[in-house]
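Here's the letter readout for the chains.
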Amino acid sequence: SKGLVYTSAPLETNLAIAGHPVITLDVASDAADGEFNAYLEKVTPDNKSQFVTEGVRLASRRVLGTPDYDNLGLPVADNSKTVVEAALPLNESGVVTLTFYLQPVGMLFEKGSRLRLAITGADADNSFQKPVTPAPTHTIYTGGQHPSKLSLPIIKDTISLDFNDWVDPR
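Residues numbered from 1 in each chain as written. Predicted model: local features only at pLDDT ≥ 70, side-chain atom pairs only at ≥ 80, totals over all residues. Heavy atoms only, no water.

1. Observations concerning the sheet that holds strand β1 (residues 4–7)
Next up, step 1: Here we have four strands laid out as an open sheet, ordered β1-β10-β4-β5, and antiparallel in their pairing. Only two strands of the sheet have a single neighbouring strand rather than two, namely β1 and β5 (49–58). The sheet shows a mean angle of 15° between the axes of neighbouring strands, direction not considered.
Next up, step 2: By the bridge criterion, four bridges tie β1 to strand β10 (residues 114–120) in an arrangement that is antiparallel. The partner of Leu4 across the bridge, within β10, is Ile119. (Pairing = 2+ DSSP bridges. Helix = DSSP H or I, 4+ residues; strand = E, 2+ residues; numbered from the N terminus. Axes fitted to C-alpha atoms, helices over the stretch in contact; angles between N-to-C directions.)

Here's what the structure looks like:
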């Protein structure tokens with residue numbers, strides 16, 4: 001009840017992910033800035049939800065930059081002084097795109113389980129937000145010209161190793 005929740009259909013096969021999921025949100029708001037939190041969860045066939053990973057982006061830090069190091073191609077905010085000082089207010093920018101990564105994960109989603117993505121405008125356990133009155137209205141667009149999406153690092157091929165052929169070095 002405190003955010004938007006999207007849940008997939010039950011998986012038809014096992015799905016293994018390993019790495020950083022990346023989320024792209026097309027958003028608009030009546031607020032000058034906004035914090036956008038994304039939580040990936042696993043929903044088991046018996047409808048129990050399990051936290052998998054999370055990520056966050058401030059809309060005012062939506063301009064992406066190029067890091068001075070190899071970051072595996074992940075989207076990172078350009079926090080240079082020029083970009084930070086020139087940040088456009090969210091409420092004056094129309095629909096904007098936020099792209100950010102979630103913390104790395106390695107997990108098997110078994111056949112029959114579902115993926116759930118929850119998106120909120122705050123995280124009381126991890127960040128401080130000054131109360132805003134009235135509460136802002138954030139809009140997340142999907143489909144058409146605004147294809148918000150979640151990209152998963154899927155492991156396509158796996159190998160099985162028979163421990164019977166291994167040697168215990170002890």
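Moving on from the coordinates now.
2. Quick word on the pattern of salt bridges
Next up, step 1: Counting across every chain of the model gives three salt bridges.
Next up, step 2: Of the charged contacts in the structure, one is a salt bridge between Lys42 and Glu110, with a shortest N-O distance of 2.7 Å. Highlighted residues: Lys42 in strand β4 (residues 35–43) and Glu110 in the loop between β9 (105–109) and β10, separated in sequence by 68 residues.
Next up, step 3: A salt bridge links Asp46 to Lys48; the nearest nitrogen and oxygen atoms lie 4.0 Å apart. Accessibility assignment for this pair places Asp46 and Lys48 in one class, exposed. (Salt bridge = Lys/Arg side-chain N within 4 Å of Asp/Glu carboxyl O. Buried < 20%, exposed > 50% of the residue type's maximum accessible area, 1.4 Å probe, protein only.)

3. Focus on the nonpolar core
Next up, step 1: Counting residues in each nonpolar core, the largest one holds 23 residues, and the members touching the most others are Ile23, Leu25, Val27, Phe36, Leu98 and Phe109.
Next up, step 2: Secondary structure elements with two or more residues in this core: β2 (15–19), β3 (22–29), β4, β8 (96–101), β9 and β10.
Next up, step 3: Setting aside its immediate chain neighbours within four residues, Phe36 contacts Leu25, Val27, Gly55, Val56, Arg57, Ala59, Leu90, Leu98, Phe100, Thr120 and His138. (Core = buried A, V, L, I, M, F, W, Y, C linked by side-chain atoms within 4.5 Å. Contact = heavy atoms within 4.5 Å.)

4. What to know about the sheet that holds β9
Next up, step 1: Across the sheet, which stays open at both edges, the three strands sit in the order β9-β2-β13 with antiparallel pairing between neighbours. Edge positions in the sheet fall to β9 and β13 (154–155), since each has one partner strand and no second.

5. Examining the pairing of β3
Next up, step 1: Summarising burial for β3: eight of the eight residues are buried, a large majority.
Next up, step 2: What you see with β3 is no split at all: Val22, Thr24, Asp26 and Ala28 on one side and Ile23, Leu25, Val27 and Ser29 on the other are buried throughout.
Next up, step 3: Relative to β8, β3 runs antiparallel, the two being bridged by six bridges. Residue pairing across strands places Val22 opposite Tyr101, the latter belonging to β8.
Next up, step 4: One ladder, built from three bridges, connects β3 with strand β12 (residues 149–151); its direction is antiparallel. Residue pairing in the sheet places Thr24 in a bridge with Lys149 of β12.

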